Structures are given as C-alpha cells and as structure tokens.
Amino acid sequence: MKLSRRKFLKASAAAAAMTAAGVSVIDPLGLSEASAAGGIKWTKAPCRFCGTGCGIMVGVKNGKIIATKGDPHAPVNRGLNCIKGYFLAKILYGKDRLTKPLIRNNGRMLEASWDEALDLIASKYKTTLDKYGPTSIGMFGSGQWTIWEGYAASKFVKAGMRSNNLDPNARFCMASAVGAFMRTFGKDEPMGCYDDLEYADTFFTWGANMAEMHPILYSRLTDRKLKFTHVKHVDMGTQITRTSSTADIMILFKPQTDLAIANAMANILIKEGYVNEDFVSKHVTFKRGLHNLPYGREINGRNDGGATFKDKAKGVSYEEYKKFVSIYTPAYASKLSNVPADKIVEIARLFGDPKRKTVSYWTMGMNQHTRGVWINHLVYNLHLLTGKISEPGNGPFSLTGQPSACGTAREVGTFAHKLPRGVVMNPKHRAFAEKIWKLPPGTINPKPGYHSVEMARAFDRGDLKCLWVMCNNYFQALPNVTRYRKGAQKEGRFLVVSDPYPTRSTELADVVLPTAMWVEKEGAYGNAERRTQFWEQAVEPPGESKSDLWQIVEVARRMGYGHLFDYDLSRYDGKIEKALFEEYRNFGRGFGKDLAPFDVYHKVRGLRWPVIDGKETLWRYKEGYDPYVKAGEEYNFYGNKKKTGGRANIWLCPYEPAPEEPDSQYPLWLCTGRVLEHWHSGTMTQRVPELHRAVPEAFVSIHPEDASSLGIKNGSRVRVSTRRGEIIVRAEIEGRNKPQKGLVFVPWFDEDLTRMVNNLTLDVYDPISKQADFKKCACKVEKV
Amino acid sequence: MVVSGLLVNTLPEKLEQVKKELGTIKGVEINSVVDDYKIIVIIESKTVEEEVAVSKEIAAMDGVLGINLAYHHFEENEADD
Ligand code: SF4
C-alpha cells in the first residue's frame, strides 16, 4: 500500500510537471479519479502572493490543505508555480495564527469577544468623528484585499463616515504607474497583457528583478528567448540580479539617472529617424507640466508642498519636445549615469528597430522614485514615439507586487482621492457614486484625504486620531518607520489592526482583529494584466477569525451605516460578496471597465476587462482588438476622448536629482527590495519555518571593492546607518544581488527591530503620485 | 511524505552539466528533458524543509535560470514507515 501510494504521488508529480512543460500525458493511473478516491477535493484559486496572478489548484482533505499544484488550465502560468508555491498552504497553518480579538488593557493585550471589540471600535470612531470631524479618522487598506473588501471599505469610509482618509499600501507600490497611466492615456493599467511575452522580439526590464519577483512571467520570457534566438533582452537597473542572467545588454546606471537615459533614448530615436511619424501625427499630443518639483518633505511639521502639489500642464508642440530632449545627448546622459554613450545609442536603436516588437516591463525601481510618474512617462514616450503600443508584443507594461493591486486598490479606487469611478474632487463623479450608493446628493466629501505617508505624519501629529490598518503591515512598511512607530504609541491615538498573524503593526494596536485569509473565505483578485479571478472558500478559518469584509460591515452597522450594506440577499444566492460585486460592476460598465457577472468568474480562469458580450479584451486602444475602438480609427486612447480627442500624451520630463544623494558623511546609496523566498514584510512567509530558515535574516549586499575598502568580508557583521537610524546585518559579497560600486542593497522582509531596513529609508515622495522612494537614500556602512 | 514535481529551466549549453549535478543530490530524480533545456525533476523527502533546501540548491546551480513548481504534496505527518 505504502509503495503504491508513493509511486502514485511521484507519478502525479511527474504528470503535472510534464503537462506544464507542454507535453501531453496520457493519464496512466487515472489520476483525477485516484485523487478523488484519495479523498482530495481540488478547487481553483489565484495565488495569494504576487501580482502575476498564477492559477493554483488547492487540494483539501479532511478540512485541511494537503497539496497544491499549478493550475494547468490557467493561462497565466499553465500549470507552474514559482518556489513560493511551496508555502501557499503553509501560510494558513503558522503556529501563531491569531484566533481571537484582542483589546489593550493597561498595556496588555487581553482576549475579548467580537462584540466587545467591534463595539469599542465603533464607539471610538463615532465619538472622534462627532468631535473632530471626518479628517480625524482613517483606514489604511491593501492591494491584498479582495475586490469586495476594498469596495466595502470605500463605501464605509466615503459614503458612511464621509471621509476620504482611505489609502492602500498600493500607494507604496504602484501609485507612480497609476499617475502616469492617467496622465498619458486618461485610463489606468496596461493596455497589453502577458501574451506579449510570446510575441516580443526585444524585452526591456527597467528596475525589475522579474526572475525573483515575478518568476513565472520571467520563465515565459526565458522560454521565448531560448526558443527564438533572435530575441534580445536589455536589463536596466542599479544592480545585477538574477534577471540579468538572460540579458544580452546590461545597463547599470547611477540611481536616478534613468530619467536622463530615457530622454537620451528619445533623442536618438528622433535624430536617427526611428520615430513612427504617422502614428505620432495621428495619435499623440505633447504636454509640459511644472519642473523643479518639491519632494514632499516635512519641514518643521509643515509639508513643503508635496501633499498639496498640483501640476499645471500646458500643451506644447512636437518641435518644442524635440528641442527639449535634444539636450540629452548620449554624452550628457553618459556623464550623469556612468553608462557608456555607445551603449545608450545601441539600446535606443534596438528599441527603435521597426522590424522588432518591443515590450518594457518594470516594477519598483521605476515606481518607488521621487520622480516616479516622470520615469513612467519617459518610458511611455519611447513606445509612443515608435508607435510600439497596444498590439501583440509591443507595449509598456508595469508589473505589480500584490495580488490585487490592480483589481482592488486601483480598480475599486481605495485611494484618498478616488471613487470606484473617477475622483472625489469631480462633482460629476461624486454624483455618479452617490446615485449608485443611493446617497443624498452632497454626501461624498470633495476634499482628498491623507495619502499613506501623510496619514502616518498626521497620526504622529495627532490630526488623525483613529486609524484602522487592514491586510497590510503599515508599521513595518512605512519609510522612516521608527518615527511613525513612536507616533502611533502617543497618547490619544486609537489604532486597530486586522491581521492573521502578530506583526510589527499588531504590537502597537489598541485592538487586534483575527482575520481569515485567502481560501478561508470567498474572494476575487485582479492581476496586472486586468484579469479578474475568483475563488470559492475551500477551508474554514481557524478559531474565531473572520474576513475583512465581515469586519468592515459589522463596524459599519454598529456606527449606523447598516443601510449601505443592506441588500436583499435572496437575490444574490445569500452572498453579500455577490451583492457588492454586482453593484460595483455598475461603475465600470460602458466606461471601459466592463466586468462580467459574478457567476461567470467562478467558472472561468479569469477574464481581462473590458469584458464585452462575454469576450475579454487582450489589447486595449487598438482597432480590431478593443471593442471600444471604432472601425477606421486605428487607435483611440479613449480615456483622453474629451481632453485630446483620444490622443495619448507625451510629457516633457527632465532629469532632476534625488532628494538625498551620497555625500562625504553618508557616501553610499541604499536600495531596498524583496528576495525570492519572502514576500513583502514577511508576515506570511516568515511564519513558514522552512521559508524562514531559507533566508533567516536581512543582509546587506555590497560591491566587493566597497567591501574591501571598508575592511568587510563576506558574512561580516556591519552597521548600516542613515540620517534616520541604523541596523546591524551581515554583509553579502557576490551573492545573488550584485550592486554597482557605491550602492548597497538590503531586503525589507526582516521584522527584527535591529534589522528593519525602513528604520533607514527616507519618508519623502513623488509630489505627483505621493509614492515614497524606497530605492534611494544616502547611507554609511561600517564594520562592527 | 513530501513529493514535488518541478520544471528546471537551464541555459541550453549548460544542460548536461546541470543534469550531472542533479544526479548527485539525494532524493532527486530526473524524469525527462523537454525542449532541450527544461528538466523535469521529482523531489522526494521527509519534510518540506528538506524539500525547500533541495529546491534552493537546484535554483542556485550554475546554468539554472529558474525552477518552477508544478505539483506539491505535503502530508508531513502521514506515516512514512
Ligand atoms: S509568480 Fe507570483 S503568483 Fe505565481 S506562483 Fe509565484 S508568487 Fe504566486
């Protein structure tokens, strides 16, 4: 019996791997039946971790997950998962799961009933709201919320409390991408999809370590490259990573000078005749905003204008644009960036080659940038100049780190200025939301709320008194986090944290709520290619854990906003999730974000919106692919219909220095990021002992020459310090990440207070997107 | 017992070298090679921890572009003897 079971499992494993490799296997053991006989029930779900959105088959036996496999029917990953697939089920079963609400009492956290916890939250919020108004309360949410959780939160805060103090951790992650998408195309999110990976001839990766952060997409990229020898890959970044191993050309640039390189590339495209003049004349306009922008610094408790910054755009001519980029000669960009001028020319020509399809991928290297919106613009500029956009294999594509950064944070609009459709500042958008939400006109507050960094500053100052952090680890994720951790502990602050596990945030909380995660509830995520994916509940949450959705609705009811969530559930199969989703669909229908009915998503492996007449859209804005584009139009960037008649905007954005650059006191650049084994702040992955042991603590990667001049050896204990704090970690030389000389890298998953890299980072931001820069500040490294 | 099926992507010119190295790891079985650069590998071990250690070892090998997991069964407490 034992032998046959072992044989059976190995055969299952081999069959799954072969299917994923594209080999059709005849099922010799009748595996599907065998696994049913083994008592395993399989259900589908998108992965809990990154924004790639791989499909997973979850195998449940006796109420517990005992197996997972890549979903062979999922178009994203075709049967494969990355190494994090090992931990998908394990994250549910960490030993220290929170299972009961906790309330702080004289400094100690005591178990409480749900009634006590929820009543306390509702009464605190209510009294604060009555006394200090809607700017005194807030909520910090997540790109890991399910779609209906984000939607319920938006309704609770904006329609219920009439506040706009709702912002997601996605602000730390892709706000710059959103800002630039909106300003260029009038609509958020990539026009293309992952199918581009199989059509492109040239790949550009900008500030993205796809091999470790989006491994499944990277393996699609390497598949394309290994099967077709003409395919080329250019990797652009400030350190050599695993992703660089497939690069034909590696562009290692000095931090912040991506702005100059991209402008120089545009200059070369123009000078050497690579511009698609027909496309530019029909589909593009040119814009210039303000330059010499502030950095969102706080000076003597006041903002330097970052929080209130408003860009002033004006139209300019093509000639003015040409003149503007002409100062970015290869020589000038080379001087700023340390990249040889001929390399810049070479990659510009490769980009422009009309016979090659080009796709650009990027993540945090471009978004976590105090000029993040600008560098996003500068990459769109290249695609627009060459007309390489909105068709198979051609396009700019920002990847996302969280599983529903797109589906929830961006599409539902859980940002301080957003509504599910449009922005709070716009009276028409408010009226539209008020109609769908059945609110009296004038209910929604027209003033944007605090965005992430400002929210922490306001909590520290005391302007914000009640804060509910849900589905993220704010007090580890914030830049310059020590300051805000102290702020949260000041008198008169009330902090609620909902999480499945104890974290650096729950330890500061006055109330902790135990949360059901992933397949412990029914859910929906939207991945980076506009694919909306649903899953059914597969197992019961532990103890008294409840979903974020349940928690939001219960507090709303206790505050007197029950009417916002009173649906006749008999019309929705008894599911509030369905009621919320069906209501939410009204916001996008006819506005380019059409979603399919709730029930459809439970049957399919996701659909990419807009879904029109049951059909998904793979490439937006191009005739023949996007039903919103009429015959004869060729392209229509219809998000800009009113403003430019459907043209996309090329923006004139200069190089400007980083807010803090290395100097004699702090001579090195500090860059932070992730590692393959851990996901974000490590809340989930550090609970998995195997994964934790794999990469147990943060380290600092350093260039061998910098190390030797500091007398540092591989494994030495070193102090990394900045003007804001210090950490003690071990040095890694010639490890997986190979930083350029003058730059060090520290991952951010480690929650140990002596190794938490956000003790060091700079809490300023891009004034347009309000996204902080976790990739650049000045530091010092010393042997201890 | 913990069993996984993986797809190991290699640089084609390093395929043989990687195969050889895989052969030296305990609990690793090469099932087949697809497209001249993908090795189908079965790993068997007692605990997920061992399994992860082996996967990481494979991922770190020279010539390996990445490893992908297709199947993972992990009833660790299941009687093994
Ligand atoms: S690539 Fe991302 S979505 Fe896919 S299995 Fe890995 S972590 Fe999950």
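Residues numbered from 1 in each chain as written. Chains lettered and ligands numbered in written order. Predicted model: local features only at pLDDT ≥ 70, side-chain atom pairs only at ≥ 80, totals over all residues. Heavy atoms only, no water.

Participant: Explain the overall build of chain A here, please?
Facilitator: Secondary structure summary: chain A contains 25 helices and 31 strands in total. Its C-alpha atoms give chain A a radius of gyration of 25 Å, near enough to 28 Å, the size a compact globule of 784 residues would have. Projected onto its principal axes, the C-alpha positions of chain A cover 70 × 70 × 65 Å. Within chain A, the proportion of its 784 residues that are buried is 67%. Considering only residue pairs separated by 6 or more positions, chain A has 73% of its internal contacts joining residues 24 or more positions apart. Carbon and sulfur atoms make up 52% of the accessible area of chain A, which totals about 26700 Å². If you average the places of the 112 positive and of the 84 negative side-chain charges in chain A, the two averages end up 1 Å apart. (Helix = DSSP H or I, 4+ residues; strand = E, 2+ residues; numbered from the N terminus. Rg over C-alpha atoms; globule rule 2.2 N^0.38 Å. Buried < 20%, exposed > 50% of the residue type's maximum accessible area, 1.4 Å probe, protein only. Contact = heavy atoms within 4.5 Å. Areas by Shrake-Rupley, 256 points an atom, 1.4 Å probe, with all protein chains shown as cover. Lys, Arg positive; Asp, Glu negative; His and termini not counted. Charge placed at Lys NZ, Arg CZ, Asp CG, Glu CD.)

Participant: For this particular structure, what's the right way to read the interface of chain A and chain B?
Facilitator: Reports of interface size often rely on the accessible area that becomes lost once the parts have come together. The interface of chain A with chain B comprises 48 residues on the first partner and 43 residues on the second. Between K10 of chain A and E44 of chain B there is a salt bridge whose closest N-O contact spans 3.0 Å. For the pair chain A and chain B, the number of links is 10 residue pairs in polar contact (both at pLDDT 80 or more). For the side of chain A that touches chain B, the elements supplying multiple residues, two or more each, are helix 1 (2-20), strand 3 (64-70), helix 7 (215-227) and helix 24 (689-694) of chain A. (Salt bridge = Lys/Arg side-chain N within 4 Å of Asp/Glu carboxyl O. Polar contact = N/O pair within 3.5 Å; in protein donor to acceptor, adjacent residues only side chain to side chain.)

Participant: I would appreciate a short explanation of the site of the ligand in the present structure.
Facilitator: Taken together, C47, F49, C50, T52, G53, C54, N81, C82, K84, P215 and I216 of chain A make up the full set of residues near the ligand. When grouped by side-chain class, the residues that make up the shell around the ligand number 7 nonpolar, 3 polar and 1 charged. (Near = heavy atom within 4 Å. Nonpolar A, V, L, I, M, F, W, Y, C, P; charged D, E, K, R; others polar.)

Participant: I'm lost on the pattern of salt bridges in this one. Help?
Facilitator: A side chain with one charge can pair with a side chain of the opposite charge if their charged atoms come near. Residues and elements named next belong to chain A. The full count for this structure, using the stated rule, is 59 salt bridges over all chains. One salt bridge in this structure joins R558 and D119, with 2.8 Å as the shortest N-O distance. Taken as a pair, R558 in helix 20 (residues 548-558) and D119 in helix 3 (residues 114-132) lie far apart in primary sequence, 439 residues in all. On the accessibility criterion, R558 (28% relative accessible area) is partly exposed. The exposure class of D119 is partly exposed, given its relative accessible area of 40%. Measuring nitrogen to oxygen at the nearest pair gives 3.4 Å for the salt bridge that ties E298 to R461. Within this pair, whereas E298 is found in strand 13 (residues 298-299), its partner R461 is found in helix 17 (residues 452-461), the two being separated by 163 residues in sequence. Residue R461 is classed as partly exposed on the basis of its relative accessible area of 35%. Residues joined in a network through salt bridges with shared partners are E298, E454, R457, D460, R461, D463, R483 and K490.

Participant: For this particular structure, what's the right way to read the state of the cysteines?
Facilitator: Working definition of a disulfide: a covalent bond connecting the sulfur atoms of two cysteines. Residues and elements named next belong to chain A. Tallying each qualifying case throughout the model produces 0 disulfides over all chains. You can see C471 has no disulfide; the closest cysteine sulfur is in C173, sitting 13 Å from it. Looking at C471, the relative accessible area reads 13%, which means it is buried. Among the cysteines around C779, which has no disulfide bond, C777 carries the closest sulfur, lying 6.5 Å off. Judged by its relative accessible area of 0%, C779 is buried. (Disulfide = S-S within 2.5 Å.)

Participant: What's the story with the domain arrangement of chain A in this structure? I'm lost.
Facilitator: All names here are of chain A. Taken domain by domain, chain A consists of domain 1 (5-91), domain 2 (102-164 + 403-527 + 531-608), domain 3 (177-401) and domain 4 (668-761). Taken over C-alpha atoms, the centre of domain 1 sits 32 Å from the centre of domain 2. Across the domain 1 to domain 2 interface the summed buried area is about 1800 Å²; carbon plus sulfur atoms make up 60%. Looking only at domain 1, the three residues that lose the most surface to domain 2 are K44, P46 and R48, adding up to 39% of its buried area. The residue R605 makes a salt bridge to D71 at a minimum N-O spacing of 2.7 Å. Inspection of the domain 1/domain 2 interface yields 9 residue pairs in polar contact (both at pLDDT 80 or more). The residue inventory of the side of domain 1 that touches domain 2, partitioned by class, reads 15 nonpolar, 6 polar and 5 charged. (Domains from an automatic or database assignment. Buried area = accessible area lost by both parts, 1.4 Å probe.)

Participant: I keep staring at the pairing of strand 3 (residues 38-45) of chain B and nothing clicks. Help me out?
Facilitator: A regular strand places its side chains so that they alternate between the two faces of the sheet. All names here are of chain B. In terms of residue burial, strand 3 counts as a mostly covered element, since 7 of its 8 residues are buried. Direction of pairing for strand 1 (residues 2-10) relative to strand 3: antiparallel, over a ladder of 8 bridges. Residue S4 lies in a different strand from strand 3, and its bridge partner there is I43. The hairpin formed by strand 2 (residues 28-34) and strand 3 contains 3 residues between the paired strands, and D35 there has a positive phi angle of roughly 55°. (Pairing = 2+ DSSP bridges.)

Participant: Can you help me understand the environment of A180 of chain A in this one?
Facilitator: Residues and elements named next belong to chain A. Within the secondary structure, A180 sits in helix 5 (residues 175-185). For the pair A180 and I375, spaced 195 residues apart in sequence, the C-alpha to C-alpha distance is 8.7 Å. Look past the residues within four positions of A180 in its chain and what remains in contact with it is V373, N376, H377 and Y380.

Participant: Help me understand the sheet that holds strand 7 (residues 166-168) of chain A, please; the structure alone is not making it clear to me.
Facilitator: Whenever strands of a sheet pair, they do so through backbone hydrogen bonds, lying parallel or antiparallel. Residue and element names in this part refer to chain A. Read across the sheet, 7 strands follow the order 5-4-20-19-18-6-7 without closing on themselves; strand pairing throughout is mixed. The open sheet terminates on both sides in strands that have one partner only, identified here as strand 5 (108-111) and strand 7. Mean inter-strand twist for the sheet, computed between neighbouring axes without regard to direction, equals 20°. Helix 20 contacts strand 6 (137-141), strand 18 (466-470), strand 19 (494-499) and strand 20 (511-514) of the sheet and is inclined by roughly 155° relative to strand 18. (Axes fitted to C-alpha atoms, helices over the stretch in contact; angles between N-to-C directions.)

Participant: So what exactly am I meant to see when it comes to a positive patch on the surface here?
Facilitator: Residue and element names in this part refer to chain A. Taken together, the side chains of K428, K630, K641 and K642 define a basic patch exposed on the protein surface. Among the secondary structure elements, K642 is positioned in helix 23 (residues 641-644). Owing to a relative accessible area of 84%, K642 belongs among the exposed residues under this scheme. (Patch = residues over 30% accessible without salt bridge, like charges linked within 9 Å, V, L, I, M, F, W, Y side chains within 5 Å.)

Participant: Sorry, what's going on with the confidence of the model for chain B here?
Facilitator: Predicted coordinates in areas of low pLDDT are best not read in detail. Residue and element names in this part refer to chain B. For chain B, per-residue confidence averages 86 on the pLDDT scale, and 93% of positions sit at 70 or higher. Predicted confidence in chain B is weakest over helix 2 (residues 48-60), with a mean pLDDT of 85, and strongest over helix 1 (residues 15-23), with 94. Interface confidence for the predicted complex, given as ipTM, is 0.87, next to a pTM of 0.94. (pLDDT = per-residue confidence, 0-100.)

Participant: Can you help me understand unusual backbone geometry in this one?
Facilitator: Comment: phi is negative for the bulk of residues other than glycine, and the bulk of peptide bonds are trans. Residue and element names in this part refer to chain A. Residue P610 is reached from W609 by a cis peptide bond, and omega for that bond is -5°. Residue placement: P610 occurs in the loop between strand 23 (607-608) and helix 23. With a phi angle near 50°, N62 is a residue other than glycine that sits in the positive phi range. A residue is classified by how much of its surface remains accessible, and N62, at 76% relative accessible area, is exposed. Located in the positive-phi region is N292, a residue other than glycine, with phi close to 50°. Secondary-structure assignment places N292 in the loop between strand 12 (284-288) and strand 13.

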